[in-house]
Amino acid sequence: MTRSDLVEELASRFSQLTHRDAEYAVKAILDAMGDALVRGHRIEIRGFGSFSINRRPPRLGRNPRSGESVQIPEKRVPHFKPGKALREAVDRRTEEMQRD
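Cut-offs used in this document
Residues numbered from 1 in each chain as written. Predicted model: local features only at pLDDT ≥ 70, side-chain atom pairs only at ≥ 80, totals over all residues. Heavy atoms only, no water. Helix = DSSP H or I, 4+ residues; strand = E, 2+ residues; numbered from the N terminus. Rg over C-alpha atoms; globule rule 2.2 N^0.38 Å. Buried < 20%, exposed > 50% of the residue type's maximum accessible area, 1.4 Å probe, protein only. Contact = heavy atoms within 4.5 Å. Areas by Shrake-Rupley, 256 points an atom, 1.4 Å probe, with all protein chains shown as cover. Pairing = 2+ DSSP bridges. Axes fitted to C-alpha atoms, helices over the stretch in contact; angles between N-to-C directions. Core = buried A, V, L, I, M, F, W, Y, C linked by side-chain atoms within 4.5 Å. Patch = residues over 30% accessible without salt bridge, like charges linked within 9 Å, V, L, I, M, F, W, Y side chains within 5 Å. Salt bridge = Lys/Arg side-chain N within 4 Å of Asp/Glu carboxyl O.

When you go through the protein residue by residue, the secondary structure sums to three helices and five strands. The helix and strand sequence of the protein, counted from the amino end, reads α-α-β-β-β-β-β-α. Rg of the C-alpha trace for the protein: 19 Å, well past the compact-globule value of 13 Å for 100 residues, more than 25% over. By its C-alpha atoms, the protein is 60 × 40 × 30 Å across when sized along the principal axes. Expressed as a percentage of the 100 residues in the protein, the buried residues total 16%. Considering only residue pairs separated by 6 or more positions, the protein has 28% of its internal contacts joining residues 24 or more positions apart. Of the roughly 8500 Å² of accessible surface on the protein, 53% is carried by carbon and sulfur atoms.

Reading across the sheet, the three strands line up as β1-β2-β5 and stay open at both edges, with antiparallel pairing between neighbours. Either end of the sheet is taken by a strand with one partner, and the two such strands are β1 (43–45) and β5 (75–82). Strand-to-strand twist of the sheet, defined as the mean angle between neighbouring strand axes without regard to direction, takes the value 25°. In the sheet, strand β2 (residues 49–56) pairs with β5 via eight bridges, with the strands oriented antiparallel. Residue Asn54 lies in a different strand from β5, and its bridge partner there is Val77.

By size, the foremost hydrophobic cluster in this structure holds five residues: Met33, Ala36, Leu37, Ile43 and Phe51. Here this core takes three residues from helix α2 (residues 19–38), the largest share from any one element. Ignoring sequence-local partners within four residues, the contact set of Leu37 consists of Ile43, Phe51, Ser52 and Ile53.

Let's shift gears to a nonpolar patch on the surface. A cluster of nonpolar side chains, contributed by Ile45, Phe48 and Phe80, occupies part of the molecular surface with about 230 Å² of accessible area. For Phe80, a relative accessible area of 32% corresponds to the partly exposed category.

Such coordinate-based values are descriptive only and should not be taken to indicate function.
This is the structure:
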């Protein structure tokens, strides 16, 4: 599902929202989540999952073209951990689809 698919779904589920309002709502939510992660906060959405920041330590890598060693600096990357309800729903629906 893309961002525009999410906007379309939101606009179709809530008839009182215009397409533009749905677009603003999706943008506001994603911007708020991104800002929170940048500040180092953890985001938890009950029944869906949690977003956090993982630290990748510096390491020694290789340039694939030349083969020489390259120092790769520390990175902080977003991480998503699905909630129990989401995992179970995906598993259940996947099993149902495989049976059909």
